[in-house]
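One letter stands for each residue in the lines below.
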Amino acid sequence: MPQNPSHASNSEAHEAFLERWQLQLRKGLLVYLVLVVLSKGESYGYRLIASLSEYLESDMAEGTIYPLLSRLQREGLIESRWQIMDSGPARKYYSIRPAGHEVLATMGDRWKRIHRLLEGLSTS
Amino acid sequence: MTGSAPEFREQDAQQAWTQYFLQVDSLSSALTARQRRDIRLEITAHLLESYVLRSEESESERLRVAIERLGSPAEFVPGWVEDRLLHDAAPGSGVRSLLQLLKLNARRGATHLLASLALGFGYLLAFYFFFVAALKPVFPDNVGLISTGDGFTALGYIDTPEMVDLLGYWIMPLGFIISFSLIVFLDRMLQRFSRA
């Protein structure tokens, strides 16, 4: 049966809409996850991305983490230090600051609220 | 701190590395040398770590995959640079940084452009008050808040036959206080505005 062209274009538009929505969700989630990972101990860019990929169960564009780390540092939530290695290039280690722990706790509460809200909606 | 580029045996790999960092340098040119070096070092560390963990056979293939995973500099360096400017080029850190910050805000849309222009004008005004106050001892009769015979009043250097200096040497403390207060106020506004 031939497919209605307007249905096809609608479906493509919906797919694009969902892609954008998912991207926004991931962006919001990424900030939270970075703080979660750093709350467990200091880490450097490459290792941090490996941990995040496990959480997100997918590979992420690795470079995107650096502007985010810079922003979190600017907001005073994390800090960094360079560590000279015995072999290989120096690594920049990031760690969470007390303000970061506070923000993380608040973010956790809000995620839980959103989760409860969504559960309530799906059961009502 | 070891952050120098590795030496590849394969020319393609060496070329790809050089090309990548030329792009990084070009995209981060608005930053200070130290800030640029910081970004370069972090990208170097990332790429090398990714490179040594790759199992592909040739150097160029391993580097290609490492670069592909990290992404093109155009995808993430501009955002990083923007943040470094906002973080390190904090108000009070020099005229060049201040101009970069104003320029950066101006590119963020019409509202930011107008606010940047207003802030830029404010800083010019602050510097003007400072220079008027500083030049008073050099040109005591011609610099100040001066009223001319035809009812015209101006702040600055005036040289006409009939004129009255309305503030005299009071222009010095007043000029410095106004200039300093304006800069403190504008710095705070710029900081708040940059984070918005």
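Our subject is the structure that appears above.
Let me begin by describing the structure that accompanies this report. (Residues numbered from 1 in each chain as written. Chains lettered and ligands numbered in written order. Predicted model: local features only at pLDDT ≥ 70, side-chain atom pairs only at ≥ 80, totals over all residues.)

Description of the overall build of chain A
Argument step 1. Across its full length, chain A carries four helices and three strands.
Argument step 2. Reading chain A from its N terminus to its C terminus gives the helix and strand order α-β-α-α-β-β-α.
Argument step 3. The buried share of chain A, taken over its 124 residues, is 19%.
Argument step 4. Sequence separation of at least 24 residues holds for 41% of the intrachain contacts in chain A that already meet a minimum separation of 6. (Helix = DSSP H or I, 4+ residues; strand = E, 2+ residues; numbered from the N terminus. Buried ≥ 20, exposed ≤ 12 C-beta atoms within 10 Å, placed from the backbone. Contact = placed C-beta atoms within 7 Å.)

Comments concerning the overall build of chain B
Argument step 1. Within chain B, the secondary structure is distributed over seven helices and three strands.
Argument step 2. The linear arrangement of helices and strands in chain B, starting from the amino end, is α-α-α-α-α-α-β-β-β-α.
Argument step 3. The buried share of chain B, reckoned over its 196 residues, is 25%.
Argument step 4. Residue pairs at least 24 apart in sequence account for 53% of intrachain contacts in chain B once pairs closer than 6 positions are excluded.

What to know about helix α2 (residues 45–56) of chain A
Two residues of an α-helix separated by three or four positions point the same way, owing to the 3.6 residues in each turn.
All names here are of chain A.
Argument step 1. With twelve residues, α2 extends 16 Å from end C-alpha to end C-alpha; this agrees with the ideal 16 Å at 1.5 Å per step.
Argument step 2. Along α2, the residues that are buried comprise Gly45, Leu48, Ile49 and Leu52. Taken end-on, α2 shows its buried residues confined to a sector of 100°, consistent with a single buried face. (Expected span 1.5 Å × (residues − 1). Arc of directions from axis to C-beta.)

A look at the sheet that holds strand β1 (residues 143–148) of chain B
Within a sheet, adjacent strands bond to each other through the backbone by hydrogen bonds, running parallel or antiparallel.
Residues and elements named next belong to chain B.
Argument step 1. Across the sheet, which stays open at both edges, the three strands sit in the order β2-β1-β3 with antiparallel pairing between neighbours. Each of the sheet's edge strands pairs with one partner strand only, and the pair in question is β2 (153–157) and β3 (163–165). Strand-to-strand twist across the sheet, computed as the mean angle between neighbouring axes with direction ignored, equals 40°.
Argument step 2. As paired elements, β1 and β3 share three bridges and run antiparallel to each other. Of the residues in β3, the one forming a bridge with Ser147 is Val164. (Pairing = 2+ DSSP bridges. Axes fitted to C-alpha atoms, helices over the stretch in contact; angles between N-to-C directions.)

Digging into helix α6 (residues 110–135) of chain B
Argument step 1. Over its 26 residues, α6(B) extends 37 Å from the first C-alpha to the last, a length consistent with the 38 Å expected when each residue adds 1.5 Å.
Argument step 2. Among all positions in α6(B), only Ser116(B), Leu119(B), Ala126(B), Phe129(B), Val132(B) and Ala133(B) are buried.

With respect to the pairing of strand β3 (residues 91–96) of chain A
Residue and element names in this part refer to chain A.
Argument step 1. When strand β1 (residues 43–44) meets β3, the two strands line up antiparallel, connected through two bridges. Each bridged residue has a counterpart across the sheet, and for Tyr44 the counterpart in β3 is Tyr93.
Argument step 2. Where strand β2 (residues 78–83) and β3 come together, six bridges link them in antiparallel fashion. Across the sheet, residue Trp82 finds its bridge partner in β3, namely Lys92.

Some remarks on the environment of Leu99(B)
Argument step 1. Note that Leu99(B) resides in helix α5 (residues 95–106).
Argument step 2. The sequence separation of Leu99(B) and Ser116(B) amounts to 17 residues, and the corresponding C-alpha distance is 9.8 Å.

Observations regarding the interface of chain B and chain A
Interfaces are often sized by the accessible area lost when the parts come together.
Argument step 1. Taken together, the contact pairs 22 residues of chain B with 19 residues of chain A.
Argument step 2. Within the residue set of the side of chain B that touches chain A, elements represented by two or more residues are α2 (33–52), α3 (59–70) and α4 (73–88) of chain B.

Some words on the packing of helix α1 (residues 11–27) of chain B against α2(B)
All names here are of chain B.
Argument step 1. Two numbers describe how α1 lies on α2: the axes approach to 10 Å, and their chain directions differ by 150°. In this view, α1 runs roughly antiparallel relative to α2, as classed from their interaxial angle. Between α1 and α2 lies a crossing of right-handed hand. Of α2, the residues touching α1 (which contributes Phe21, Val24 and Asp25) are Arg36, Ile39, Arg40 and Ile43.
Argument step 2. Looking at the contact of α1 with α2 residue by residue, the class counts come to four nonpolar, no polar and three charged. (Parallel < 35°, antiparallel > 145°, perpendicular 65-115°, else oblique. Left-handed = near helix turned anticlockwise from the far one by under 90°. Nonpolar A, V, L, I, M, F, W, Y, C, P; charged D, E, K, R; others polar.)

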